[in-house]
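Chain by chain, the residues run as shown.
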Amino acid sequence: MRHTNFYLTFGICPASKFYLERIFGSQLFFLTCTFTVVTLITLLSSTNWIYASEITSPLNGNWHLVQTEQESKERLKAINEATQHLKPFQQSRARSRLDERTSPPHTVSIIIKDTMVTITSEARRIKLEIGGPPIKMSGSEGKAYVSARMEGSFLVITARADNGERRTSYRVNKDLLTVEVTVTGARLAKALNYVSTYTLVQ
């Protein structure tokens, strides 16, 4: 970059240029202008980053279950396939328990602010740091270490326990929230996977 470009950029007239170069030297004056430009670029970049971090996530809002009949059938089918290796009495008990534990909540509220996410589903509420370390939580299903992270446009909540794992991903497409759940466990013949759909409550 030529020196004259800096003088024109900062509105320095030729007389001032000559005076400053005599006092500080041409090279020092050039370096000073370079430092000023770099500082301005850094400030602008920081401002853009702060503005971007304040953009509201499309996941934010109150969501109401609009599960289709097909989604409900697929969930029950997944339960049956995951427990087909058990004896009849054990099957009945396991399927009843899994049906209860995988039944999607009627309402879900998601709030993402900065690096924190708060998810409320009916009477249950969790607050996690996105990308943060797992937090030990207790519930009706026992104790688990729960964590949150972003995978592209997906918000993924993972709960790990001694006997299995539950992975829940949230993704928005227009005004619909798709919630996909994958449950794995030592007592399951295969992973239990199902999807539920929610619509945004205005």
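A short tour of the structure in this document, coming up.

Basis of the calculations
- Residues numbered from 1 in each chain as written.
- Predicted model: local features only at pLDDT ≥ 70, side-chain atom pairs only at ≥ 80, totals over all residues.
- Heavy atoms only, no water.
- Core = buried A, V, L, I, M, F, W, Y, C linked by side-chain atoms within 4.5 Å.
- Buried < 20%, exposed > 50% of the residue type's maximum accessible area, 1.4 Å probe, protein only.
- Contact = heavy atoms within 4.5 Å.
- Patch = residues over 30% accessible without salt bridge, like charges linked within 9 Å, V, L, I, M, F, W, Y side chains within 5 Å.
- Areas by Shrake-Rupley, 256 points an atom, 1.4 Å probe, with all protein chains shown as cover.
- Salt bridge = Lys/Arg side-chain N within 4 Å of Asp/Glu carboxyl O.
- Lys, Arg positive; Asp, Glu negative; His and termini not counted.
- Charge placed at Lys NZ, Arg CZ, Asp CG, Glu CD.
- Helix = DSSP H or I, 4+ residues; strand = E, 2+ residues; numbered from the N terminus.
- Pairing = 2+ DSSP bridges.
- Axes fitted to C-alpha atoms, helices over the stretch in contact; angles between N-to-C directions.
- Expected span 1.5 Å × (residues − 1).
- Arc of directions from axis to C-beta.

**Things to note about the nonpolar core**
Among the nonpolar cores identified, the biggest contains 29 residues, and Ile 110, Val 117, Ile 119, Ile 157 and Tyr 170 are the most heavily contacted of them. The contacts of Val 117, once residues within four sequence positions are left out, are Ile 110, Ile 111, Ile 112, Ile 126, Lys 127, Leu 128, Ile 130, Ala 148 and Leu 155.

**Describing a positive patch on the surface**
A contiguous patch of positive charge, built from Arg 93, Arg 97, Arg 101 and Arg 187, is present on the exposed surface. Summarising the element assignment, Arg 93 is placed in helix H5 (residues 88-102). We classify Arg 93 as exposed; its relative accessible area is 53%.

**Concerning the sheet that holds strand S9 (residues 176-185)**
One open sheet accounts for 10 strands, arranged S4-S3-S2-S1-S10-S9-S8-S7-S6-S5; its pairing is antiparallel. Lying at the two open borders of the sheet, with one neighbouring strand each, are strand S4 (124-129) and strand S5 (135-139). If you compare each strand with its neighbour and ignore which way they point, the axes differ by 25° on average. With six bridges joining them, strand S3 (residues 116-121) and S4 adopt antiparallel strand pairing. Opposite Thr 120, over in S4, you have Arg 125 as the bridge partner.

**Examining the pairing of S3**
Here strand S2 (residues 107-113) pairs with S3 via five bridges, running antiparallel. Pairing of Ile 111 across the sheet is with Thr 118, part of S3. Taking the residues that link successive antiparallel strands as the turn, the S2-S3 hairpin has two residues, and the phi of Asp 114 there is positive, at about 55°.

**Digging into H5**
Its 15 residues place the ends of H5 21 Å apart at the C-alpha level, agreeing with the 21 Å of an ideal helix rising 1.5 Å per residue. Turning to H5, its buried residues number three or more, namely Gln 91, Leu 98 and Thr 102. The buried side chains of H5 occupy one side of the element, clustering within an arc of 45° when seen end-on. Turned more than 90 degrees away from the buried face of H5 sit Phe 89, Ser 92, Arg 93 and Glu 100, all of them exposed. Those residues of H5 that are buried lie in contact with helix H4 (69-82), strand S8 (164-173) and strand S10 (192-200).

**Some remarks on the pattern of salt bridges**
Within the structure shown, the criterion is met by six salt bridges. For the salt bridge of Lys 190 with Glu 81, the shortest nitrogen-to-oxygen distance reads 3.3 Å. Of this pair, Lys 190 sits in the loop between S9 and S10 while Glu 81 sits in helix H4, and the two are 109 residues apart along the sequence. Taking the relative accessible area as the measure of exposure, Lys 190 reaches 43% and is therefore partly exposed.

**What about the pairing of S10?**
Within a regular strand, side chains alternate between the sheet's two faces. Direction of pairing for strand S1 (residues 61-65) relative to S10: antiparallel, over a ladder of three bridges. Bridge pairing in S10 links Leu 65 to Tyr 198. In the sheet, S9 pairs with S10 via eight bridges, with the strands oriented antiparallel. Bridging across to S10, Leu 176 finds its partner in Thr 199. Here S9 folds back onto S10 in antiparallel fashion, the turn holding six residues.

**With respect to the environment of Lys 77**
For Lys 77, the position within the fold is in helix H4. A relative accessible area of 45% places Lys 77 in the partly exposed class. Along the primary structure Lys 77 and Leu 192 are separated by 115 residues, whereas in three dimensions their C-alpha atoms are 9.3 Å apart.

**Description of the side chain of Ser 169**
By the element assignment, Ser 169 lies in strand S8. Overall, Ser 169 belongs to the buried group, its relative accessible area being 4%. In contact with Ser 169, not counting residues within four places along its chain, are Phe 154, Leu 155, Val 156, Thr 178, Val 179 and Glu 180.

Just distances and angles here, no functional claims.
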